[in-house]
Amino acid sequence: ILNVEQSPQSLHVQEGDSTNFTCSFPSSNFYALHWYRWETAKSPEALFVMTLNGDEKKKGRISATLNTKEGYSYLYIKGSQPEDSATYLCAHNAGNNRKLIWGLGTSLAVNP
Amino acid sequence: DVKVTQSSRYLVKRTGEKVFLECVQDMDHENMFWYRQDPGLGLRLIYFSYDVKMKEKGDIPEGYSVSREKKERFSLILESASTNQTSMYLCASTPGALNTEAFFGQGTRLTVV
């Protein structure tokens, strides 16, 4: 099993703060890196799927970067809002099978 | 919009019962997955299927089986429920390649008493 690690495990920020999380994954046999947001009592929802080294993707105040050579991805949230409170999951696919390997997530709490 | 629907949101079953968790997706996705999520352990893959009647074991298949008789439906079966199978169960589906997003059902919180 290839390990995917996320840090920090949890984070508390004030409304308006900008923040970022890290996802580390094995750099060999890279195929795709996924980011999901999982709000309490809801289903995980995809934020980004990234496949190319150097990829940068943006959705509103949330953006992500990808470095496949060194095996990490950053997720950035600009001007955090209480509705951003959720667990952020990343998942890696090595391309040699159809499985996603999941990190344990970063739990974000944004205080108003 | 893609929809993945799980048959129950909450379920309480007795030890030893046979339990069926159903998942249906409406976008003709090839791949379907069953995960369980427990505090501190993240999403763990139980079984997945990449085609009708095809199945592959995930990381924690013991005590579970699956059935995929139709492309849109993937069932998880607990042959004899035990208390350590109390968990949140999530179904997901994806198109053929994993460079596209996965879509999740709403989850089934199963309690085995």
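The structure under discussion appears in the preceding block.
Values in this document were obtained by computation on a predicted structure and should not be read as measured data.

**Student:** Can you walk me through the overall build of chain A in this structure?
**Tutor:** Each helix and strand counted, chain A has zero helices and 11 strands in total. Taken from the N to the C terminus, the helices and strands of chain A come in the order β-β-β-β-β-β-β-β-β-β-β. Looking at chain A as a whole, 50% of its 112 residues qualify as buried. In chain A, of all internal contacts separated by at least 6 residues, the share reaching a separation of at least 24 is 53%. Accessible surface computed for chain A: about 5,500 Å², of which carbon and sulfur atoms make up 44%.

**Student:** Any chance you could explain the state of the cysteines here in plain terms?
**Tutor:** What is meant by a disulfide is a covalent connection between two cysteines, made through their sulfur atoms. Residue and element names in this part refer to chain A. Scanning the entire structure with this criterion turns up two disulfides over all chains. Disulfide pairing is shown between C23 and C90; the S-S distance is 1.9 Å. On the sign convention where negative means left-handed, the S-S torsion of about 75 degrees between C23 and C90 marks this disulfide as right-handed. Here C23, found in strand β3 (residues 19-24), pairs with C90, found in strand β9 (residues 86-93); they are 67 residues apart in sequence, far enough to count as distant. Judged by its relative accessible area of 0%, C90 is buried.

**Student:** How should the interface of chain A and chain B be read in this particular structure?
**Tutor:** Where interface size is quoted, it is often the accessible area lost as the parts come together. Taken residue by residue, the interface counts 21 residues in chain A and 25 residues in chain B. Interface of chain A and chain B: buried area, both sides summed, is about 1,800 Å²; carbon and sulfur atoms make up 63% of it. Ranking the residues of chain A by area buried against chain B places R98(A), K99(A) and W102(A) at the top, with a combined share of 35%. Run the count over chain A and chain B and you get one salt bridge. Here K99(A) makes a salt bridge to D59(B), at a shortest N to O gap of 3.8 Å. There are five residue pairs in polar contact (both at pLDDT 80 or more) connecting chain A and chain B. Those elements that provide at least two residues to the side of chain A that touches chain B are β4 (32-38), β5 (45-50) and β9 of chain A. For the side of chain A that touches chain B, the element with the most residues is β4(A), which contributes four residues.

**Student:** Got a minute to help me understand the sheet that holds strand β3 (residues 19-25) of chain B in this structure?
**Tutor:** By definition, the strands of a sheet pair up through backbone hydrogen bonds, in either a parallel or an antiparallel sense. Residue and element names in this part refer to chain B. Read from one edge of the open sheet, four strands run β1-β3-β8-β7, paired in antiparallel fashion. In the strand order of this sheet, the two ends are held by β1 (4-6) and β7 (64-70), each with one partner. Averaged over all pairs of adjacent strands, the angle between strand axes in this sheet comes to 20 degrees, irrespective of strand direction. Strand direction decides the pairing type here: β7 and strand β8 (residues 73-78), joined by five bridges, are antiparallel. Within β8, the position partnered with S65 by the bridge is I77.

**Student:** Just checking my understanding: could you explain the packing of aromatic side chains for this structure?
**Tutor:** Any pair of aromatic rings gets described here by the distance separating the centres and the angle formed by the planes. All names here are of chain B. Evaluated as defined, the whole model comprises 12 aromatic pairs over all chains. Both rings, one in F33 and one in Y35, keep their centres 6.1 Å apart while their planes meet at 20 degrees; by these two values the pair is stacked. F33 gets classed as buried once you look at its relative accessible area, which sits at 1%. Given a relative accessible area of 2%, Y35 falls into the buried group.

Basis of the calculations
Residues numbered from 1 in each chain as written. Chains lettered and ligands numbered in written order. Predicted model: local features only at pLDDT ≥ 70, side-chain atom pairs only at ≥ 80, totals over all residues. Heavy atoms only, no water. Helix = DSSP H or I, 4+ residues; strand = E, 2+ residues; numbered from the N terminus. Buried < 20%, exposed > 50% of the residue type's maximum accessible area, 1.4 Å probe, protein only. Contact = heavy atoms within 4.5 Å. Areas by Shrake-Rupley, 256 points an atom, 1.4 Å probe, with all protein chains shown as cover. Disulfide = S-S within 2.5 Å. Buried area = accessible area lost by both parts, 1.4 Å probe. Salt bridge = Lys/Arg side-chain N within 4 Å of Asp/Glu carboxyl O. Polar contact = N/O pair within 3.5 Å; in protein donor to acceptor, adjacent residues only side chain to side chain. Pairing = 2+ DSSP bridges. Axes fitted to C-alpha atoms, helices over the stretch in contact; angles between N-to-C directions. Phe/Tyr/Trp six-rings, centres within 6.5 Å; stacked < 30°, edge-to-face > 60°.

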